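# Tertiary structure, described
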Amino acid sequence: MNLLDVEDLVTELASDRRWMRAVNGVSLSVRRGETFCLVGESGSGKSVTALSVMGLLPAGKHRHPSGVVRLYSHGDEAIAGRSAALDLLHADEPTMRAVRGGRIGMIFQEPMTSLNPVLTIGEQLDESLSLHYPEMSDQQRSERILAALEEVRIPDPAKRINEFPHRLSGGQRQRVMIAMALICEPELLIADEPTTALDVTVQAEILKLIRELQSRRGMGLLFITHDFGVVAQIADTVGVMSRGELVEVGRVEDVLGRPRHDYTRNLIAALPERLPRPVRPPKVTTTPLIELRDLKVHFPVRQGLMRRVVDSFKAVDGVSLSVGAGEVLALVGESGCGKTTLARALLRLIEPTAGSILLEGQDITHLGRSGMRPYRRRMQVVFQDPGSSLNPRLPILSTLREPMRVHGIGRDDDARRHRAAALLERVEMPTDSLWRYPHEFSGGQRQRLAIARALVLEPRFIMCDEITSALDVSVQAGILRLLRRLVDEEGLGMLFITHNMGVVEYLADRMAVMQAGRLVESGRTEEVLRAPQEEYTRTLLAAVPRLVAGAPIPRQGSGASAHP
Amino acid sequence: MNDAEIAVDREKRSRPWGRQVLAALLKSTGARIGLAWVGVLVLVATFAPFIASSHPLLLVVDGQTSSPVMAYLTPVDWIWLIGFVAVLLFFMLPGRLWLRMLALLMTLGVTTVLAYTLVSPPALIIYEEYRELEQAGAVERVLRAPIPFSAKDYLRDMGDTGVEAPLQAEDRRHWLGTEDNGADVAARMIHASRIALAIGFIATGIALSIGTIIGGLMGYFSGVVDIIGMRLVEIFEAIPTLFLLLTFVAFFGRSIYMMMIIIGITSWSAYARYVRAEFLKLREQDFVQAAVACGLPLPSILFRHMLPNGLAPLLVAASFGVASAILAEATLSFLGLGLVDDPSWGQMLNQAVQSSTFNWWLAVFPGGAIFLTVFSYNLIGEALRDAVDPHTRRTEGTS
């Protein structure tokens, strides 16, 4: 009952007048009703595999030296055997157009950009429907669209049909994307990291929805992800990809429970919740390094001709917390809960509306630009996006030396250069990085350099805003170990903003949960994780896809048992 | 890390961004053609008095050697010559960019002051002096410029000269013909190249400075500064440059400097918009926020961390701006509102139209020069856009 067969697929992409092998001899097959998870780190070729199957790689920029991709239709095997299968790699463009959207549906990663902002939801759903079913009447089509939106549980679908994508939340947009992929009832659904950009609670709902739809329709599902937690929740069969090759394929319990290949083993061991924790002596409560008292950041909402302030958006609404020396406080919450605004207000990058910020006992809430300067040295920040965290026009040496110069650290430029070189060694980067530019480094390396930039001023407190969320797990593991070492060895205080519970578990001494601008719960990490007191914390924790060591993986839905 | 290791490390240094852009720029054929033409123009403009002059370069009379050209060099000639050497040194000498820039500007300033106080060429210029001397047979040896006519030499000694097609006269050689008053077209075009270059660079320089400062402040501070700045931009965008120029010419007479300033102060608004948009985007970038969090001073944040990252669209717009400033001057001169006696390409085109007969050489050569120059700047702008755009440029190294 194979639906899709990929045999020895090789995909080469044109890059700088050379051919780079992105996929190297991948063979896999997806059966009806089966979920095949392709998991791997960035650059492992998992998306290119999916795009090769769909024939969506840019024309003239790719080639397939070898490989066969066959898509079988209903009953092919019984009637005509293998010969009736459609060869997707060599099919012509009109055939492929009929296949895409018709027999194979696809969901992309970024719900914010995969819908056309100038067309209504209804129009976009209608487009692929009228293309693949030209014989349907307007009436039939609109009924079908309504049914599709109902199926993905969009509230009030009759009204939503005429709305534009910007009116929908990220989760709802992803639901619309799923409706669009499924509206022509494809036999195979390819989902390329469909939940990566979503919050955990939304992710849990979308995964449940995909699972349900799949078992109801008996589709094959090729699911691409980098998250082992998601794999454990949704997969029947797992393929682990590394450098264009499928290094391990097997049933999900086998691959996750008893990985055979070294690469898989290392990947699973690098998951933050699996990292070995150093024994930490219980902290003696010291005076707090940084303290927030009832901090509020409100953004005015202006309306009308005179731009009168009619209301205010309470991004941070009365938050009190403190971080001591040698302590990591993790701030957890979903997107839009105000954690990044809190971070920026704490660093005095945006003005707080009310409340006070105390750094080592001194009130810095109302200091001016020059008044802040000596305090800037003591609190530093590392941001989320490795792509924009370093000035692309300056070599690393200039980036590291300028703050030292401004704050009078180091005798002269020579001494500063030696200090910068020493710092690079601390963050485990080669010293010749000093004369390189940011674009020459990978994401993980750039985050290390950003950490070095933060450390250059010998701060007492470092704020880390989701600094590992754009990184692969193995790279993340290295950075987390580095951060923990810095905190333990130097007694830094750290506020670590994240949405990844595994990271919290590994890194944080205490954690605080934030929702809609307020702290709903805080306490020691183990206690909060083991026995959450608040309903919201419980929902959040339950939604986190986890991979529990040794325990049988929880199965849900009937998809797994549907096929022989 | 000791010094020996640092010396090794130097080998591994990456090329600075500016060099990378330059290398990418020079890879494009269009940019090479454009830069070559502009380079020729710069050479011609700098050495104009030595290329086209009625005064001999060297003259031996009664055993005494003299150089009439040098005696007749005006302050402007001197500024061009010394400025040319200064710019060459600016590119050749090592050292920090801003130091060299400062030295260049100071050299130019000092040269200007000195040139106008020290240089005093004869007030009365008799172009035919040396030709008559030569005909009288008093000259032992003479070395003339390749084009032995000055821009304003109307050949009074040659009788009733007027419009002549190229290479028509038997006793004189006018490669590109003569214009209405009998002056050599080639000589006038060579001297006019100065105006074309200067107006392009100075007017755009003025516009760029004003635009960058106002746009930068609007983008970084936003809020009230932004609102006021944008209204200012709108006011200046509502003024048509050409009509303002006409008005000013009517009030203050015709001056090339006036034109540069007016073209400059009416065309900064586009640059301000570009810089503002870039700064609004950059302000939210993590590395700028990190620079603020490091407590770096405002000028460093604005000019070291933000401006170089927002420079790309500005450079491209500026290279098109140079072209349009040249066109603006040509338009004015063509309309007969430009300079009176001093040669300019636009003014020569004007003469082509005003004659009763169509004198093709008066239209083709200056028109061709305007076209080539504007086209060159556009080619450079085009290539620059590709060179600075990370999407079209391949990154080198290990990215």
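Residues numbered from 1 in each chain as written. Chains lettered and ligands numbered in written order. Predicted model: local features only at pLDDT ≥ 70, side-chain atom pairs only at ≥ 80, totals over all residues.

## Points about the overall build of chain A
Per the secondary structure count, chain A includes 20 helices and 21 strands. What you see for chain A is a C-alpha radius of gyration of 26 Å, in line with the 24 Å of a compact globule of 564 residues. For chain A, the spread of C-alpha atoms along the principal axes amounts to about 80 × 55 × 45 Å. Each of the 564 residues in chain A was classed as buried or not, and the buried ones make up 44%. Taking the intrachain contacts of chain A between residues at least 6 apart in sequence as the baseline, contacts between residues at least 24 apart amount to 69%. (Helix = DSSP H or I, 4+ residues; strand = E, 2+ residues; numbered from the N terminus. Rg over C-alpha atoms; globule rule 2.2 N^0.38 Å. Buried ≥ 20, exposed ≤ 12 C-beta atoms within 10 Å, placed from the backbone. Contact = placed C-beta atoms within 7 Å.)

## Here's the deal with the overall build of chain B
A count of helical and extended segments in chain B gives 17 helices and three strands. When the backbone C-alpha atoms are referred to their principal axes, chain B occupies close to 80 × 60 × 40 Å. A total of 399 residues make up chain B; the buried ones form 37% of that total.

## A word on the interface of chain B and chain A
Taken together, the contact pairs 26 residues of chain B with 33 residues of chain A. Breaking the side of chain B that touches chain A down by element, the ones donating at least two residues are α1 (3-12), α14 (286-293) and α15 (298-334) of chain B.

## Thoughts on the environment of Ala31(B)
Residue and element names in this part refer to chain B. Along the polypeptide, Ala-31 turns up in helix α3 (residues 29-46). For Ala-31, a count of 23 C-beta atoms within 10 Å corresponds to the buried category. A sequence separation of 348 residues divides Ala-31 from Leu-379, and the C-alpha atoms of the two residues are 5.6 Å apart. Leave out the neighbours within four places in its chain, and Ala-31 touches Leu-25, Leu-26, Leu-379, Ile-380 and Ala-383.

## Thoughts on the environment of Met241(A)
Residue and element names in this part refer to chain A. In this structure, Met-241 sits in strand β10 (residues 237-242). We classify Met-241 as buried; it has 27 C-beta atoms within 10 Å. Separated by 201 residues in the primary sequence, Met-241 and Gly-40 place their C-alpha atoms 4.9 Å from one another. Those residues in contact with Met-241 that lie beyond four places of it in its chain are Leu-38, Gly-40, Ser-44, Gly-45, Lys-46 and Leu-246.

## A closer look at the confidence of the model for chain B
Residues and elements named next belong to chain B. A residue-level look at chain B finds 94% of positions with pLDDT of 70 or above and a mean pLDDT of 85. Mean pLDDT across the secondary structure elements of chain B bottoms out at α1, with 51, and peaks at α3, with 94. Between residues 393-399, whose pLDDT stays under 50, and residues either more than four places distant or in other chains, the model counts 11 contacts. Confidence estimates for the predicted assembly give a pTM of 0.80 and an ipTM of 0.79. (pLDDT = per-residue confidence, 0-100.)

## Notes on the confidence of the model for chain A
Should pLDDT be low for a region, the predicted coordinates there are not to be read in detail. The predicted model of chain A averages 85 in pLDDT, with 93% of residues at 70 or higher. In this model residues 549-564 of chain A is a low-confidence stretch, pLDDT under 50, and it forms 25 contacts with partners more than four residues away in sequence or in other chains.

## Some words on the packing of helix α4 (residues 121-132) of chain A against helix α7 (residues 170-182) of chain A
All names here are of chain A. The geometry of α4 relative to α7 is characterised by a closest axis approach of 9 Å and an angle of 25° between their N-to-C directions. Classified by the interaxial angle, the pair formed by α4 and α7 is roughly parallel. With respect to the hand of their crossing, α4 and α7 are arranged in right-handed fashion. Counted together, Ile-121, Gln-124, Leu-125 and Ser-128 of α4 and Val-176, Ala-179 and Met-180 of α7 form the full contact between these two elements. (Axes fitted to C-alpha atoms, helices over the stretch in contact; angles between N-to-C directions. Parallel < 35°, antiparallel > 145°, perpendicular 65-115°, else oblique. Left-handed = near helix turned anticlockwise from the far one by under 90°.)

## Concerning the packing of helix α9 (residues 185-221) of chain B against helix α13 (residues 268-283) of chain B
Each pair of packed helices gets described by two things: the angle between the helix axes and the distance between those axes. Residues and elements named next belong to chain B. The contact between α9 and α13 brings their axes to 7 Å, and the two run at 35°. Relative to α13, α9 is oriented so that their crossing is right-handed. Packed against α9, whose contacting residues are Ala-207, Leu-208, Ile-210, Gly-211, Thr-212, Ile-214, Gly-215, Gly-216, Met-218, Gly-219 and Tyr-220, the element α13 presents Trp-268, Tyr-271, Ala-272, Arg-273, Tyr-274, Val-275, Arg-276, Glu-278, Phe-279, Leu-280 and Arg-283 at the interface.

## Some details on the domain arrangement of chain A
Residues and elements named next belong to chain A. According to the domain assignment, chain A consists of domain 1 (2-269), domain 2 (288-378 + 459-543) and domain 3 (395-457). Each partner contributes residues to the interface: domain 1 has 10 residues there, and domain 2 has nine residues. Breaking the side of domain 1 that touches domain 2 down by element, the ones donating at least two residues are α8 (200-217) and α11 (262-269). Looking at the side of domain 1 that touches domain 2, the element that brings in the most residues is α8, giving four residues. For the side of domain 1 that touches domain 2, a count of residues per class yields three nonpolar, five polar and two charged. (Domains from an automatic or database assignment. Nonpolar A, V, L, I, M, F, W, Y, C, P; charged D, E, K, R; others polar.)

## A word on the sheet that holds strand β2 (residues 64-66) of chain B
Residue and element names in this part refer to chain B. Read across the open sheet, the three strands follow the order β2-β1-β3; overall the sheet is antiparallel. Taken across any chain shown, the strands that pair with only one partner, and hence form the sheet edges, are β2 and β3 (139-143). Across this sheet, the average inter-strand angle for adjacent strands is 15°, counted without regard to direction. Here strand β1 (residues 58-61) runs beside β2; their pairing, made up of three bridges, is antiparallel. Within β2, the position partnered with Val-60 by the bridge is Thr-65. (Pairing = 2+ DSSP bridges.)

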